[in-house]
Amino acid sequence: MDKLAVARALREVGMLLEVKGENPFKVRAYETGARAVEGIAEDLGVLVAQGRLTEVAGIGQALAQKITELHATGRLELLERLRAELPAGVVGLLQVPDLGPKKIAALHAALGIGSVQDLRAACEAGRVREVKGFGARTEQKILEGIKRLESRGQRVLLSNALESGELLLAHLRETGAAEQLALAGSARRLRETVGDLDIVAASRQPGALSDALASYPLVEQLVARGDTKTTVRLVGGLSVDLRVVPPEDYATLLHHLTGSKAHHVKLRGLARDRGYTLSEWGLSRLSDGAKIAVASEDDIYGALSMQPVPPELREDTGEIEAALAGTLPRDLVQREDVRGMVHAHTLWSDGRASLEEMARATKEMGLSYLTVTDHSRSAAYAGGLDVARLRAQWDEIARVEDKVGLRLLRGTEADILEDGALDWPDDVLERLDVVIASVHSRMKMGVDEMTRRLVRAMRQPFFKIWGHSTGRLLLERDPYGLRMEEVLDAVASSRAAIEVNGDPHRLDMEPRFLRMARDRGIRFVLATDAHSVAGLANLRFAVATARRGWVTRPEVLNALPVDAFAAAVRPAA
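Not measured: the values here are computed from a predicted model.

1. Regarding unusual backbone geometry
Item 1. Ser260 follows Gly259 through a cis peptide bond whose omega is -5°.
Item 2. The linkage connecting Asp508 with the following residue, Met509, adopts the cis geometry, with an omega of 20°.
Item 3. By the element assignment, Met509 lies in the loop between strand 16 (496-501) and helix 22 (511-519).
Item 4. For Asp316, which is not a glycine, the phi torsion comes out positive at approximately 55°.
Item 5. Structurally, Asp316 can be placed in the loop between helix 15 (297-303) and helix 16 (319-325).
Item 6. The exposure class of Asp316 is partly exposed, given its relative accessible area of 27%.

Dropping the structure here:
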């Protein structure tokens, strides 16, 4: 079992224990353990094999035994017992937005609610509002949360899907039977969430690959099996389809299964207009049915007299028209373009690694600078710094910079307050190297109020980076309401840039808004929002999100060398 699956299991144990009314310290230990596992930078299997789990902060001997059991067997006796002791629907209730374990326990005790269906019926009958601590407004919010849960289906975060998919690819490659192998579908297009995994393989030995997938240790159910197509369901519910074709058909099948459907529909119409037929089986001439040799996806676009379209852009949002006109961006930002790590938290606030650990990890990744942006004082829940602690942090920044040999920039993630002011006096802001301005509170303001709040924040006279711009948490919390074009106009006319947040739970801002920002000449920062050494790997997802928004290297500030970056983002004019 991979580390994300282990963390999910530990988190579920903690939530189920809370539903049962267990000791809060015990409950919190499982949540702490889940976060610790998520933040492990080393290979989890190596730590388990070497008996070194207890070296990780937050993991004691008892928790280490549970993690070892999960990793080795894919099961946890305690979790299975808890699931058996509680109504089967409780796990589903835990997925309802804004409905935590304490509320579930109260509803179960008062109304016997044990499933999402029970909860919906109770809300619609007006019974939930009668339970102490709830009320009509809470009842309505629960109903809205159930609707959101049902609308998102069984999707998972991109990061989870890619981790599962890449482990599967490695397993299949070990057979030696695949000449080419890749993920397709929404995972390859790097969509924020993924419904299932599609894998395409080129092979003359399809049976060997089918056998390998069926025997994969994390397969929970073999749904269908054949030489050319095999479907399984993994532990955790993610469905996987493996399609195997001869090498000569690989490129067209990969292109077809990558999608999107809308992109393909338009592309097939374009092919017909040019005298071809395009399908998963290949590209052929309509006149005589002769098949056109396709060695790569680029060959398909070349045959249609257009620029190749990268997988991330295949959403039918203007990419086909741009490719036909030759105006598709040719220098989409890449991981190799990024020179500095932006938006990192440390033990000074709510991070789980020291400043030195974050600096060393950044240097090991080949980057040349790191912005230290712990929370400001209003974020008391996250250990936000006051002025005295901020200045003390500056002293440590100077020491670590000399010790590690990496340029560190003094920064903050400053709360945007209710009135649009930032959470530091001007004399502090002027002494910082970088300011990320983010909303962390009052996210349920009306659209007019939130728009005014953000416009005022963006019009502050010093340079600021607008952090996680819509406040969304994927599969958990909807974006707050705002008039995006108004705020972007304020950004464009001010000293400001926009963060592309790579936290897999955020991936904010979304591509359509990035393109609106590009149209206004706004610049971007690709940020990790890292709270641990492992979180620095979020840079991958910031790059992916930026590419989906057509962002190019010259538009990215942290593609600049450190002195140029520091000059570009310096708060003081």
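2. Comments concerning the nonpolar core
Item 1. One finds Leu10, Ile59, Ile67, Leu119 and Ile199 to be the most contacted residues of the largest nonpolar core, which totals 82 residues.
Item 2. Looking at which element gives the most residues to this core, the answer is helix 1 (residues 3-19), with nine residues.
Item 3. Ignoring anything within four residues of it in the chain, the contact list for Ile67 reads Val6, Leu10, Val37, Leu44, Leu53 and Ile59.
Item 4. If you look at the next biggest cluster of nonpolar residues, it comprises 66 residues, including Leu367, Ala437, Ala530 and Leu539.

3. Overview of the environment of Ser287
Item 1. With respect to the helices and strands, the residue Ser287 is situated in the loop between strand 9 (282-285) and strand 10 (291-292).
Item 2. The class of Ser287 is exposed, set by a relative accessible area of 66%.
Item 3. It is 8.1 Å that separates the C-alpha atoms of Ser287 and Tyr276, two residues lying 11 residues apart in sequence.

4. Focus on the packing of aromatic side chains
Think of a pair of aromatic rings as described by two things: how far the centres are apart, and how the planes are tilted against each other in angle.
Item 1. One pass over the full model with this rule turns up one aromatic pair.
Item 2. In this arrangement the basic side chain of Arg410 is found over the ring face of Trp394, its NZ or CZ atom lying 4.0 Å from the centre.
Item 3. Geometry around Phe462 places Lys464 over its ring, the cationic atom sitting 5.8 Å from the centre.

5. Description of the pattern of salt bridges
Item 1. Scanning all chains against the criterion turns up 41 salt bridges.
Item 2. For Arg11, the salt bridge is made with Glu38, and the minimal N-O distance between the two is 3.0 Å. You can see Arg11 sitting in helix 1 and its partner Glu38 sitting in helix 2 (residues 24-38), a full 27 residues away along the chain.
Item 3. Measuring nitrogen to oxygen at the nearest pair gives 3.1 Å for the salt bridge that ties Lys20 to Glu85. Here the residue Lys20 occupies a position in the loop between helix 1 and helix 2, and Glu85 occupies one in helix 5 (residues 77-85), the gap between them amounting to 65 residues.
Item 4. In this structure Lys20 comes out as partly exposed when scored by relative accessible area, which is 37%.
Item 5. When its relative accessible area of 43% is taken as the criterion, Glu85 is described as partly exposed.
Item 6. Sharing partners across several salt bridges, the network here consists of Arg189, Arg191, Glu192, Glu315, Arg472, Glu510, Arg512 and Arg548.

6. Let's talk about the sheet that holds strand 7 (residues 239-245)
Item 1. Read from one edge to the other, the open sheet built from five strands follows the order 2-4-7-6-5, with strand pairing classed as mixed. Edge positions in the open sheet fall to strand 2 (180-183) and strand 5 (219-224), since each of these has one partner strand only. Adjacent strand axes in the sheet meet at a mean angle of 20° when their direction is disregarded.
Item 2. As paired elements, strand 6 (residues 229-234) and strand 7 share five bridges and run antiparallel to each other. Note that in strand 7 the partner of Arg233 across the bridge is Ser239.
Item 3. With respect to the sheet, helix 10 (residues 158-173) is in contact with strand 2, strand 4 (196-202), strand 6 and strand 7, its orientation differing from that of strand 2 by roughly 165°.
Item 4. Each of strand 2, strand 4 and strand 7 touches helix 13 (residues 250-258); the most contacted strand, strand 4, lies at about 170° to it.

7. Structural notes on the packing of helix 1 against helix 4 (residues 61-73)
Item 1. Two elements in contact, helix 1 and helix 4, have axes whose closest approach is 10 Å; the angle formed by their N-to-C orientations is 125°. Relative to helix 4, the element helix 1 is oriented oblique. Every pair of crossing elements has a handedness; the one defined by helix 1 and helix 4 is right-handed. Where helix 1 abuts helix 4, its residues Val6, Ala9 and Leu10 lie against Leu63, Ile67, Leu70 and His71.
Item 2. Looking at the contact of helix 1 with helix 4 residue by residue, the classes come out as six nonpolar, one polar and no charged.

8. Re the pairing of strand 8 (residues 276-279)
Item 1. Judged by which residues are buried, strand 8 turns out to be one-sided: Tyr276 and Leu278 face inward and are buried, whereas Thr277 and Ser279, on the alternate face, are not.
Item 2. Where strand 8 lies against strand 9, four bridges are found, and the strand directions are antiparallel. Within strand 9, the position partnered with Thr277 by the bridge is Ser284.
Item 3. The turn joining strand 8 and strand 9, which pair antiparallel and follow one another in sequence, is formed by two residues.

9. Observations concerning the environment of His345
Item 1. Examined against the element boundaries, His345 turns out to sit in the loop between strand 11 (340-344) and helix 17 (355-364).
Item 2. With relative accessibility at 0%, the residue His345 sits in the buried group.
Item 3. Residues His345 and Ser438 lie 93 residues apart in sequence; the distance between their C-alpha atoms is 14 Å.
Item 4. In terms of polar contacts, His345 uses its side chain to reach the side chain of Glu413, at 3.1 Å.
Item 5. Only 3.4 Å separates the side chain of His345 from the side chain of Asp529, close enough to count as a polar contact.

10. A closer look at the packing of helix 1 against helix 7 (residues 101-111)
Item 1. The contact between helix 1 and helix 7 brings their axes to 8 Å, and the two run at 40°. Taken together, the axes of helix 1 and helix 7 are oblique relative to one another. Handedness of the helix 1/helix 7 crossing: right-handed. Contacts between helix 1 and helix 7 pair Met15, Glu18 and Val19 from the former with Pro101, Lys102, Ile104 and Ala105 from the latter.
Item 2. Split into classes, the residues belonging to the contact of helix 1 with helix 7 amount to five nonpolar, no polar and two charged.

11. Quick word on helix 5
Item 1. Along helix 5, the residues classified as buried are Leu78, Leu79 and Leu82. Seen along its axis, helix 5 keeps its buried residues to an arc of 100°; they face one direction. Seen from the buried face of helix 5, the exposed residues on the opposite side, beyond 90 degrees, are Glu77 and Ala84.
Item 2. The inward-facing, buried residues of helix 5 contact helix 1, helix 2 and helix 4.

Rules behind the numbers
Residues numbered from 1 in each chain as written. Predicted model: local features only at pLDDT ≥ 70, side-chain atom pairs only at ≥ 80, totals over all residues. Heavy atoms only, no water. Helix = DSSP H or I, 4+ residues; strand = E, 2+ residues; numbered from the N terminus. Buried < 20%, exposed > 50% of the residue type's maximum accessible area, 1.4 Å probe, protein only. Core = buried A, V, L, I, M, F, W, Y, C linked by side-chain atoms within 4.5 Å. Contact = heavy atoms within 4.5 Å. Phe/Tyr/Trp six-rings, centres within 6.5 Å; stacked < 30°, edge-to-face > 60°. Lys NZ or Arg CZ within 6 Å of the ring centre and 35° of its normal. Salt bridge = Lys/Arg side-chain N within 4 Å of Asp/Glu carboxyl O. Pairing = 2+ DSSP bridges. Axes fitted to C-alpha atoms, helices over the stretch in contact; angles between N-to-C directions. Parallel < 35°, antiparallel > 145°, perpendicular 65-115°, else oblique. Left-handed = near helix turned anticlockwise from the far one by under 90°. Nonpolar A, V, L, I, M, F, W, Y, C, P; charged D, E, K, R; others polar. Polar contact = N/O pair within 3.5 Å; in protein donor to acceptor, adjacent residues only side chain to side chain. Arc of directions from axis to C-beta.

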